[in-house]
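Given next are the chains, with one letter for each unit.
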Amino acid sequence: MNWTFLQSADELFIVTAPDVLVLYQTRSILQTLSSRGFDKSRIRMTLNRNPASPQDFWVESIQQMFEMAVYAIVPNDYVSLEKVRRDRFEFPSDTSFGRALLKLAARLDTPRKRAA
């Protein structure tokens, strides 16, 4: 049933992290999708919990490893997340985490504007 759903999806978002085990699982998922004929151009990869300092290294390495672009990068910003109220789903836009989510939301909204 899940495969039937995936075949009709316009895009598939895969969230990964700069961790060896997570990247191994991501590679396995991508290989399974590829072997079943899922077009790689429909996959959008998001890098979650990306460290602040070696960000460019991780992004470049992951893009080379999977031979695809990283669609979005969410930083590992524990300081900002600790300050967020747990009863509200909002993130200050003046933090690296908030800026990353705003950028991701803008990218997600762009195709809908073109189609409208």
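Residues numbered from 1 in each chain as written. Predicted model: local features only at pLDDT ≥ 70, side-chain atom pairs only at ≥ 80, totals over all residues. Heavy atoms only, no water.

### Observations regarding the overall build of the protein
Definition in use: Helix and strand assignments come from DSSP, with helices taken as H or I runs of at least 4 residues and strands as E runs of at least 2, each series counted from the N terminus. Should any heavy atoms of two residues lie within 4.5 Å, those residues are considered in contact. To measure how exposed things are, a 1.4 Å probe is used in the Shrake-Rupley method; for residues, cover is taken only from the protein chains shown.
Looking only at helices and strands, the protein features five helices and three strands. Reading the secondary structure of the protein in the N-to-C direction produces α-β-α-β-α-β-α-α. A separation threshold of at least 6 residues defines the contact pool for the protein, and within that pool the share at least 24 residues apart is 61%. Carbon and sulfur atoms make up 54% of the accessible area of the protein, which totals about 8400 Å².

### Some words on the confidence of the model for the protein
Note the threshold: Confidence scores per residue from the predictor, reported as pLDDT, run from 0 to 100.
For the protein, mean pLDDT is 84; residues scoring 70 or higher make up 90% of the total. The least confident element of the protein is helix 4 (residues 78-83), whose mean pLDDT is 77; the most confident is strand 1 (residues 12-16), at 95.

### Some details on the pairing of strand 1
This is how it is decided: Relative accessibility thresholds used throughout: buried, under 20% of the residue-type maximum; exposed, over 50%; partly exposed, between the two (1.4 Å probe, protein chains only). Here the rule is simple: two strands pair whenever DSSP picks up at least two bridges between them. For a crossover, the right-handed case is the one in which the path from the first strand over the helix to the second runs clockwise, viewed with the strands pointing away from the viewer.
In strand 1, alternate side chains face the same way, and those of L12, I14 and T16 are buried while those of F13 and V15 on the opposite face are not. By the bridge criterion, five bridges tie strand 1 to strand 2 (residues 43-50) in an arrangement that is parallel. The residue of strand 2 that forms the bridge with T16 is L47. On the question of chirality, the crossover connecting strand 1 to the parallel strand 2 by way of helix 2 (residues 20-35) is right-handed.

### A word on unusual backbone geometry
Working note: non-glycine residues mostly have negative phi, and peptide bonds are mostly trans. In the Ramachandran plot, R49 falls in the positive-phi region, its phi being about 55 degrees despite a non-glycine side chain. By the secondary structure assignment, R49 is in strand 2. The partly exposed category is assigned to R49, whose relative accessible area is 48%.

### Observations regarding the side chain of T46
Relative to the helices and strands, T46 is located in strand 2. Not counting the four nearest positions on each side in its chain, T46 is found in contact with F13, I14, V15, T16, A72 and V74.

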